[in-house]
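Structural overview
Next come the chains, spelled out residue by residue.
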Amino acid sequence: MRLLYCLLGCLAFASAQAQVSAVHHDLSVTLEPGSRELSVSGKVRFTGSGMAELRLAPEFTLQRLTLDGKPLSETKMRGALIGGLRVRTLALGNKPAAHMLELQYRGTLAPLAQADRREALGNLPAMADERGSYLPASYAWYPDLGTETLTYTLALDVPATQRAIAPGRLVKETTRGNRYRARFEFSRPAEGVTLMAGPYRTKEIKYKNLRLRTYFHPEIAELADEYLNSISGYIELYNGWIGAYPYTAFSIVSSPLPTGYGMPTLTYLGIEVLRLPFIRHRSLGHEILHNWWGNGVYADWRCGNWSEGLTTFMADYTYKERQSAGAARAQRLSWLRDFAAIPEGQDIPLRDFTSRHHSASQTIGYHKAAFLFFMLRDQLGADAFNRGLRRFWKEQQFRVAGWADLQRAFEPASGKKLDIFFAQWLTRRGAPQPVIHDAQITQQNGRHRIAVTLAQPAPAYALRVPLVVTTAGGKQEHIVELNRERQHYTLESASRPLSLALDPDLRLFRRLDAAELPPILRQVINDPATLTVITEQDSAFQEAARRLAERLLDHAPRYIVQYDRAQTLLLIGTHQAAQEFLLKHKLPAQPATLRGKGSAQVWAARQDGGKTLLVVSADDSAALEALLRPLPHYGSESYLAFDGGKVIERGVWPAPSREWLFPAH
Ligand SMILES: [Zn+2]
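Owing to the predicted nature of the structure, the values given are computational and were not obtained by experimental measurement.

1. Regarding the packing of aromatic side chains
Under the criterion given, the structure shown has 35 aromatic pairs. Aromatic pair W306 and F392: ring centres 5.2 Å apart, planes at 85 degrees, arrangement edge-to-face. Here the residue W306 occupies a position in the loop between β22 (298–299) and α6 (307–323), and F392 occupies one in helix α9 (residues 382–396), the gap between them amounting to 86 residues. Ring plane angle 85 degrees and centroid distance 6.3 Å describe the contact between W425 and F509, whose orientation is recorded as edge-to-face.

If you want it as structure tokens, here you go:
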């Protein structure tokens, strides 16, 4: 119960110097999803001394509580309400000793949340419903002694129309009369106890020694086979890459809520989520990999969560790499583009990322962290990198580990000191901005020399910068070390260099400058300096255009009639009028890919001065009206074609790379 411990930790330490460890629960749980009644009885064994505290959510009434066989007094049993939880103190004596609590309690759980967004699912209570019950580990539906980890056995009892599941090994299950009973055992240190139940159809296959299962709602039961077949492929991949899968089972459990949770031995995914075709090819692998990173080695919340970044790198990103080098580069570009959209100084150092609260922290905690591992592999080479991963797994399995432990595994695996690498990527906000400050070519004895000066803002990062020289004969890559604000290099080339590019393959996490970003709608939407032109006299069209501009732009639109200088521009018109305007002002014409498609076309383009131009070109006012609702959702696209309100084509232009061009003879 990591989160709860985090919030209440200081309180517990202030009031009582209790030392509690080795907590083991043996609980019998009866759940009636229809009436939402939960009753629990069982034993909690632990070692401890001093004044310990037992916490339970306030909707539960204790019917029995004994410590080492002695019933607790009425007042002690009732406890006090602190921080929304019922807290009962337990006097354990001065010397650490083994203790046992016996308890029995019951209560009515909350109804199923009406949450329809993932972000709203952060702090859920224990909820029950016949469509699905979810009792999260982060909620005190089970007795909490404030330790970081515990082990457990759970005997679950639900109506026979339901199936119940918890992380761990399924020891036994029976359906007798009108009850379904299942017993789960979790003997590794778990961060808490999660319980799920629902009207599930289960399907099972054996893979080597593993029990692979789906617990699916009837309406998606036909998806079971393809999901079951996908699981083994991922387990095979990570077995070979990291080390043996640490558990004996893996299940996919469907949820009536739009969840996407990974727990040891299972993933809990929304019914609608499971229906999406790409889940099997991406998210499932990510959740399975969390059995190694996150649920096999635990992330230390006090010094940053590395597990999302490593999982994103070894799952989502790796699947792109397997697809093609182009797909992998496109993924890196989209991460860098998202990072460039965070205003400078508004991000957090990677070390401060503990979980996902909003999209900016996702950009840091998932994408910047994944990029860190990508750069580390570039620096160490794949073999040493993989040795480091296996070493980390071997050393930290079922322990709480931080970034420093990763560094300690990669250093001996590669024989390199990585203090600077980890320090700069973990503790600094923002990203480096290395540029080619100057480049000159000279010729000597038939060889060509390029004198290059690279520069970066202070304080300098230590970077391995790829420089790519293009000649008539092809491209040649040089890796140079940059660790000062300004540094000089000499590159040699057998044939005459035509151009020099800094990191065109996007192998460095860096803040892209405007010239490297493909034009996208958002650059016009976000810019407070955006000017708007409506190139149509018809009043109905003008009215629709004004409403669209107001809805689309972040700032109040500023309308102009004459356009005479390079400025971020939103142009709205009928096809004919828009084209005439573009031609007259020597602005980029309509891209060929969009010509004649649908009832409206929208595209972003770069003007000569570097500012972005956004054109909305529509058949008539009705075609424009139809964009009001959908268009604002597509800020990260470069172009779209609409048929009425429906998108029929969209995409992002290829990003230009910044090149230093050498003069011809
Ligand atoms: Zn994850």
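2. What to know about the sheet that holds strand β29 (residues 497–502)
The four strands lie next to each other as β27-β26-β29-β37, forming an open sheet whose pairing is antiparallel. The open sheet has two free edges, formed respectively by β27 (474–482) and β37 (659–661), since each of these has just one partner strand. Geometrically, the sheet is characterised by an average inter-axis angle of 25 degrees between neighbouring strands, direction not taken into account. Two strands pair when backbone bridges link them, and strand β26 (residues 463–471) and β27 are joined in this way by nine bridges, in the antiparallel orientation. Bridge pairing in β27 places T470 opposite K475.

3. Here's the deal with the coordination of the zinc ion
Within the protein, H286 (NE2), H290 (NE2), E308 (OE) and E308 (OE) serve as the donor atoms for the zinc ion, at 2.1 to 2.8 Å. In this structure, the zinc ion is coordinated by four donor atoms arranged in irregular fashion, with angles at the metal of 51 to 155 degrees.

4. Observations regarding empty space enclosed by the protein
To find leftover empty space, one rolls a probe the size of a water molecule over the atoms. By the definition in use, this model includes three cavities of 30 Å³ or more. Quantified by volume, the largest cavity comes out at close to 70 Å³. I165, A166, G168, L170, F184, R211, R213, Y215, A249, S251, T265 and L266 are the residues that line the largest cavity. Only β18 (210–216) and β19 (249–255) provide two or more residues apiece to the lining of the largest cavity. Element by element, the count of residues in the lining of the largest cavity is highest for β18, at three residues.

5. Quick word on the domain arrangement of the protein
What the domain assignment lists for the protein is domain 1 (2–199), domain 2 (218–296), domain 3 (303–427), domain 4 (435–512) and domain 5 (521–651). For domain 2 and domain 3, the distance between their C-alpha centres works out to 22 Å. Carbon and sulfur atoms supply 65% of the area that domain 2 and domain 3 bury against each other, a total of about 1800 Å² over both sides. Broken down residue by residue, the surface that domain 2 buries against domain 3 is led by W241, H286 and W293, which jointly contribute 42%. Joining domain 2 to domain 3, the criterion identifies zero salt bridges. Inspection of the region where domain 2 meets domain 3 yields nine residue pairs in polar contact (both at pLDDT 80 or more). Within the residue set of the side of domain 2 that touches domain 3, elements represented by two or more residues are α3 (224–241) and α5 (283–289). The element best represented in the side of domain 2 that touches domain 3 is α3, accounting for five residues. By residue class, the composition of the side of domain 2 that touches domain 3 is eleven nonpolar, ten polar and one charged.

6. Describing α6
Taking 1.5 Å per residue as the helical rise, α6 with its 17 residues ought to reach 24 Å, and the 23 Å between its terminal C-alpha atoms agrees with that figure. At Y317, α6 is deflected by roughly 35 degrees, the largest bend along its length. Burial runs high along α6: 13 of the 17 residues are buried.

Rules of the game
- Residues numbered from 1 in each chain as written.
- Predicted model: local features only at pLDDT ≥ 70, side-chain atom pairs only at ≥ 80, totals over all residues.
- Heavy atoms only, no water.
- Phe/Tyr/Trp six-rings, centres within 6.5 Å; stacked < 30°, edge-to-face > 60°.
- Helix = DSSP H or I, 4+ residues; strand = E, 2+ residues; numbered from the N terminus.
- Pairing = 2+ DSSP bridges.
- Axes fitted to C-alpha atoms, helices over the stretch in contact; angles between N-to-C directions.
- Donors = N, O, S within 2.8 Å, 3.2 Å for Na, K, Ca; no water.
- Tetrahedral: all angles 85-135°; square planar, octahedral: opposite > 155°, others 65-115°.
- 1 Å grid on protein atoms, 1.4 Å probe; cavity = no way out; pocket = protein on both sides within 12 Å on 5 of 7 lines; lining within 4 Å.
- Points joined across faces, edges and corners; volume = space filled by probe spheres on them.
- Domains from an automatic or database assignment.
- Buried area = accessible area lost by both parts, 1.4 Å probe.
- Salt bridge = Lys/Arg side-chain N within 4 Å of Asp/Glu carboxyl O.
- Polar contact = N/O pair within 3.5 Å; in protein donor to acceptor, adjacent residues only side chain to side chain.
- Nonpolar A, V, L, I, M, F, W, Y, C, P; charged D, E, K, R; others polar.
- Expected span 1.5 Å × (residues − 1).
- Bend = angle between axes of the 7 residues up to and from the residue.
- Buried < 20%, exposed > 50% of the residue type's maximum accessible area, 1.4 Å probe, protein only.

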